[in-house]
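Architecture and fold: a report
What follows is each chain in one-letter form.
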Amino acid sequence: MAGLLSVTIPGGAVRAAPESQSLDSVVEAIQHQFAKKGSVRFTVKRRAGPPATWGIKASGAYRFNASGVYAADTTTISQEAGGTGRSREISIGPDFYSQGYVRSKDGKYIWKSPSTVGKWTYGGRNLSGVIWGEDLINGINPGFLRLGAHNGAFSGDGGTFEGVRTTVFNGVVTVPEVGERQAGMFFETEQEGGSWRGSITWKLWAGPDNLPRRFHAILRFTSAYGGDEVETMTMNIIYRGWGSPVKITAPPRSLVTDDW
């Protein structure tokens, strides 16, 4: 693209964003954080979805290595049948640990894993559902950002977010498969046998250092087996503390059990 296509709309100009001057710079900044083994803290809010239980609030931190997210510590609150669920999951390299429960409004435990509150379950190694991958719908995932750039991304003045001037990038991608796993919402560029396909309308706010500050997505799901019914989810992720010290460690061995 030799230049920028500028379209005037109420509120300002929207620019077609050449990859070399926009999302490529964001990807480069993220990969620099990977290379120097940096970190970031995050919060996630998801509302609605094909199953209502996909709606959650989560917070935690990521530690990076050259390949991407090497370690994650995430606490999730969810509304389950009969009560409120709370879980904490730690992944370090290939190893995964978790603890969680569901409590009713009167404080009774409906479900616990492991059966003793305060203990941890060792989930095993190399679990596909929990390992970070370039299939995740996330504003710090180079794989998703490249998909967005390939499908036509636009940029503009993102205003100020938490005291930082931002550039906002946005676009829409349609994928043959979209779903949820423990690491987050994911997409596939080929049909792999999942239940849902759909579109992802996304926005990413990046600071002057090109690092993401906020990611917002609206996911519209339709059945992979046919039909016109559309289910919708909104997802908002905030990133804070790029490069700040984060320590993610495995639970003490004395608290780890194989009790599910």
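Residue numbering note: each chain is counted from 1, following its sequence as written. For a predicted model such as this one, the threshold for reporting local features is a pLDDT of at least 70, and the threshold for listing and counting side-chain atom pairs is 80 or more; totals across whole chains, interfaces and linings nevertheless cover every residue. To get the side-chain values, all heavy atoms of the structure are used, and hydrogens and water are removed first.

Focus on the packing of helix H1 (residues 23-35) against helix H2 (residues 142-150)
- Where H1 meets H2, the closest approach of the two axes is 10 Å, and the angle between their N-to-C directions is 170°. It follows from the interaxial angle that H1 and H2 lie roughly antiparallel. In this structure, H1 contributes Leu23, Val26, Val27, Ile30, Gln31 and Phe34 to the contact, and H2 contributes Pro142, Leu145, Arg146, Gly148 and Ala149.
- Following the grouping adopted for this structure description, the nonpolar residues are Ala, Val, Leu, Ile, Met, Phe, Trp, Tyr, Cys and Pro, the charged ones are Asp, Glu, Lys and Arg, and the polar ones are all others, Gly among them. Split into classes, the residues belonging to the contact of H1 with H2 amount to eight nonpolar, two polar and one charged. Between N-to-C directions, angles cover 0 to 180 degrees, with each direction set by a line fitted to C-alpha atoms, over the stretch in contact for helices. Secondary structure is summarised from DSSP: a helix means a run of H or I of at least four residues, a strand means a run of E of at least two, and numbering begins at the N terminus for each. Put simply, angles under 35 degrees are roughly parallel, angles over 145 are roughly antiparallel, angles from 65 to 115 are roughly perpendicular, and the rest are oblique. Should any heavy atoms of two residues lie within 4.5 Å, those residues are counted as being in contact.

Let's talk about the side chain of Arg181
- As for its position among the elements, Arg181 is in strand E12 (residues 177-181).
- Burial classes: relative accessible area under 20% of the type maximum marks a residue as buried, over 50% as exposed, and values in between as partly exposed (1.4 Å probe, protein chains only). The exposure class of Arg181 is buried, given its relative accessible area of 13%.
- Not counting chain neighbours up to four residues away, the residues in contact with Arg181 comprise Ser128, Gly129, Val130, Ile131, Trp132, Gly133, Asp135, Leu136 and Phe186.

Examining the pattern of salt bridges
- A carboxyl oxygen of Asp or Glu within 4 Å of a side-chain nitrogen of Lys or Arg is what we treat as a salt bridge. Taken as a whole and assessed by the stated rule, the structure comprises eight salt bridges.
- Ionic pairing is found between Arg240 and Glu162, a salt bridge with its closest N-O pair at 2.5 Å. One end of the pair, Arg240, is in strand E16 (residues 230-240); the other, Glu162, is in the loop between strand E10 (154-161) and strand E11 (164-175), with 78 residues separating them in the sequence.
- The partly exposed category is assigned to Glu162, whose relative accessible area is 47%.

Concerning unusual backbone geometry
- The residue after Ser113, namely Pro114, is reached through a cis peptide bond having omega 0°.
- With respect to the helices and strands, the residue Pro114 is situated in the loop between strand E8 (109-113) and strand E9 (120-125).
- The backbone of Asn126 sits at a positive phi, close to 55°, despite the residue not being glycine.
- Its location among the elements puts Asn126 in the loop between E9 and H2.
- Asn126 gets classed as exposed once you look at its relative accessible area, which sits at 53%.

With respect to the packing of aromatic side chains
- Ring pairs are drawn from Phe, Tyr and Trp, using the six-membered ring of Trp, whenever the two centres fall within 6.5 Å, and their geometry is named by plane angle: stacked under 30 degrees, edge-to-face over 60, tilted for the rest. One pass over the structure, following the stated rule, counts 12 aromatic pairs.
- Members of the aromatic cluster, connected to one another through ring pairs, are Phe34, Phe64, Tyr239 and Trp242.
- By the criterion adopted, a ring carries a charge over it if an Arg CZ or a Lys NZ lies within 6 Å of its centre and within 35 degrees of its normal. Positioned above the aromatic ring of Tyr109, the side-chain terminus of Arg103 is 4.6 Å from the ring centre.
- Lying across the ring of Tyr109, Lys112 places its NZ or CZ 5.3 Å from the centre.

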